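# Structural overview for review
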Amino acid sequence: MTNKMSGPIYWSILSNEDWNLHIAATDEGLCFVGSQNQQLEELIQWAKTRYPGGSLIRDDEKLRPYASELAQYLQGTRERFTVPIAFHGTPFQEAVWHALRDIPYGQTKSYSDIAQHIKKPAAVRAVGAAIGANPILITVPCHRVIGKNGALTGYRGGMEMKTKLLQLERDSLRLT
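An account of the accompanying structure is given in this report. (Residues numbered from 1 in each chain as written. Predicted model: local features only at pLDDT ≥ 70, side-chain atom pairs only at ≥ 80, totals over all residues. Heavy atoms only, no water.)

The nonpolar side chains of a soluble globular protein tend to be buried, and buried together. The biggest cluster of nonpolar side chains holds 42 residues, and the ones touching the most others in it are Val 33, Leu 100 and Ile 138. For this core, the elements supplying multiple residues, two or more each, are β1 (6-16), β2 (19-25), β3 (30-33), α2 (64-74), α3 (91-101), α4 (111-117), α5 (124-132) and α6 (159-175). Per-element accounting of this core gives the leading share, six residues, to α2. The residues contacting Val 33, other than those within four sequence positions of it, are Leu 21, His 22, Ile 23, Leu 70, Pro 135, Ile 136, Leu 137, Ile 138, Thr 139 and Arg 156. (Core = buried A, V, L, I, M, F, W, Y, C linked by side-chain atoms within 4.5 Å. Buried < 20%, exposed > 50% of the residue type's maximum accessible area, 1.4 Å probe, protein only. Helix = DSSP H or I, 4+ residues; strand = E, 2+ residues; numbered from the N terminus. Contact = heavy atoms within 4.5 Å.)

We now examine unusual backbone geometry. The phi angle at Glu 17 is positive, at roughly 55°, despite the residue not being glycine. With respect to the helices and strands, Glu 17 occurs in the loop between β1 and β2. We note that Lys 119 has phi near 65°; this positive angle belongs to a residue other than glycine. As for its placement among the helices and strands, Lys 119 is situated in the loop between α4 and α5. Since its relative accessible area comes to 69%, Lys 119 is described here as exposed.

Shown next as structure tokens:
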């Protein structure tokens with residue numbers, strides 16, 4: 001993994017209706033959005049791996065802008081995120097994560113679509129691995145990636161979370 005960082009990692013918990021998500025940011029931007037209703041241990045393990053010299057500091061105020069945009073998304077009132085994102089992965093992973101951000105709200109793409117988008121059409125499995133390593137759920141919308149046959153496929157946040165996010169987007173679009 002490139003770009004291993006040290007320094008403070010600020011975190012908070014976003015609680016919105018039945019959603020409870022651990023979120024974290026560095027001074028560069030949002031770097032982690034956890035799985036629905038996961039324990040703090042998920043964030044701790046991720047930080048130890050990706051930011052080995054970093055220190056986790058709870059700071060609800062510093063995370064307020066990130067939590068606000070995520071809450072708006074979960075309420076169906078935000079389609080795009082404007083907060084800064086701090087990508088820290090390999091160049092290939094970062095290319096995949098940037099491609100995920102190009103998937104329009106309420107739409108889905110296949111793994112092979114993403115491979116084509118980054119001009120690596122033979123790298124479908126590697127694309128899947130990079131998507132699975134995405135630490136910033138929702139704002140880097142890997143939930144919008146499905147199998148080529150249209151079937152829902154794995155998701156770090158679990159299939160229930162993926163289904164809920166896709167349904168939220170479909171329902172929100174129907175209301176507009």
